[in-house]
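Each chain is listed here by its residues.
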Amino acid sequence: MDSDQIQIGGWIFSDYLVRKHPIAQNQSNQVKLKPCFEVSVASGASMITRRSLIEKYGLFESKIPFFYDDTLLSVKTWLSGKRVVTITDSQVRHILGATSAWTLEKTTFNLLRAKICLLFDVYYQPYELMKAIFVNVMDTLISTIYALKSKRLAVVYANINGFTWMLGNLRFLWQNRNTRWSKAKISPQELKEKIVKIHLPVALYLLPSKLGTNMFTSATANYEYKLHTIQPSK
């Protein structure tokens, strides 16, 4: 939490991990949500896990890029057959640190690398992974074009460097995902269902428009609405 507002109650992802949404961000901390509910991944600023899980599956990994290290703990938790949940009554005071001073280029670069890592871990079947990568490449290409038009060169450089990093680390990404899946206690389909919470037509990711943005906003609002214990009036 931050002051009297909820900073984040966990993250949920859309198809192919193109978009993600922070649950209850900037809402009053008096908002009445279900006592306990599943999220795609927990927020690294507010996370508690069992020691036994860490001892068995490991904590952070030195080669994993920043912004994915804590997300990976959620992935490992799902793969172990456990759940990733938010406990509504818990409150953690998070004091913003060094990441808040990062440049746009560095932040964009690390967020893209984190998404790439998550794609390899979530989409197990090669053909599904290729489709997910294609959708994300197209989405990133479109955002790069818009960044060029608005002269945000930092975003352009970050996107190019992000996919260059992927091409240079394909072996690392592939070996890591195989190592994790060798210990998995759930199926690839079950993991996708746990991570991917918002479903939209693929065309909306490939054809950027206000319609796609509005549909995503509406879908996430409906998802949060179902988490309320006292349904607010419309």
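Bear in mind that the values here come from a model prediction, so they are computed numbers and not experimental data. Every residue gets a number counted from 1 within its own chain, in the order that chain's sequence is written. In view of the model being predicted, local features appear only for residues whose pLDDT reaches at least 70, and side-chain atom pairs are presented and counted only at 80 or more, with totals across whole chains, interfaces and linings using the full set of residues. Hydrogens and water molecules were not included; the side-chain quantities draw on all heavy atoms of the structure.

Some points on the nonpolar core
Heads up, the condition is: Grouping buried Ala, Val, Leu, Ile, Met, Phe, Trp, Tyr and Cys residues that are joined through side-chain atoms within 4.5 Å yields what is termed a nonpolar core. Exposure categories follow from relative accessible area, calculated using a 1.4 Å probe and restricted to protein chains: below 20% of the type maximum is buried, above 50% is exposed, and the middle band is partly exposed. Numbering of helices and strands runs from the N terminus; a helix is a DSSP stretch of H or I covering at least four residues, while a strand is a stretch of E covering at least two. In this analysis, two residues are considered to be in contact whenever any of their non-hydrogen atoms come within 4.5 Å of each other.
By size, the foremost hydrophobic cluster in this structure holds 50 residues, and its most contacted members are Leu17 and Tyr123. When residues of this core are assigned to their parent elements, the largest contribution, 8 residues, is made by helix α3 (residues 104-122). With residues near it in sequence (within four places) discarded, Leu17 still touches Lys115, Leu118, Leu119, Val122, Tyr123, Asn136, Ile195 and Val196.

Focus: the sheet that holds strand β5 (residues 196-198)
The cut-off we apply is this: Only strands that DSSP links by at least two bridges are regarded as paired with each other. For helices, the axis comes from a line fit to the C-alpha atoms of the stretch in contact; other axes are also lines fit to C-alpha atoms, and the angle between any two N-to-C directions lies between 0 and 180 degrees.
Ordered in space as β2-β1-β5, the 3 strands form an open sheet in which the pairing is mixed. The sheet is open, and its two borders are formed by β2 (20-22) and β5, each paired with just one other strand. Mean inter-strand twist for the sheet, computed between neighbouring axes without regard to direction, equals 50°. Lying on the sheet, helix α7 (residues 188-195) is in contact with β1 (11-14) and β5; it crosses β5 at an angle near 40°.

Some points on a nonpolar patch on the surface
Threshold: Only residues whose relative accessible area exceeds 30% and that take part in no salt bridge are eligible for patches, with like-charged residues grouped when within 9 Å of each other and nonpolar side chains (Val, Leu, Ile, Met, Phe, Trp, Tyr) grouped when within 5 Å. Computed with a 1.4 Å probe, the accessible areas rest on the Shrake-Rupley method; for each residue, only the protein chains presented here act as cover. The salt bridge definition used is simple: a Lys or Arg side-chain nitrogen within 4 Å of an Asp or Glu carboxyl oxygen.
Among the surface-exposed residues, Leu148, Leu153 and Tyr157 lie close enough to one another that they form a single nonpolar patch of about 290 Å² accessible area. Looking at the secondary structure, you find Leu148 in helix α4 (residues 126-149).

Thoughts on the packing of α4 against helix α5 (residues 153-168)
The cut-off we apply is this: Working rule for angles: under 35 degrees goes down as roughly parallel, over 145 as roughly antiparallel, 65 to 115 as roughly perpendicular, anything else as oblique. Here is the rule for handedness: rotate from the far helix to the near one, and if that takes an anticlockwise turn smaller than a right angle the crossing is left-handed, while a clockwise turn gives right-handed.
Closest axis-to-axis distance for the α4/α5 pair is 8 Å, and the angle between their directions is 155°. Classed by the angle they form, the pair α4 and α5 counts as roughly antiparallel. Handedness of the α4/α5 crossing: left-handed. Note on element contacts: α5 touches α4 through Leu153, Val155, Val156, Asn159, Phe163 and Met166, opposite Ile133, Asn136, Val137, Thr140, Ser143, Thr144, Ala147 and Leu148.

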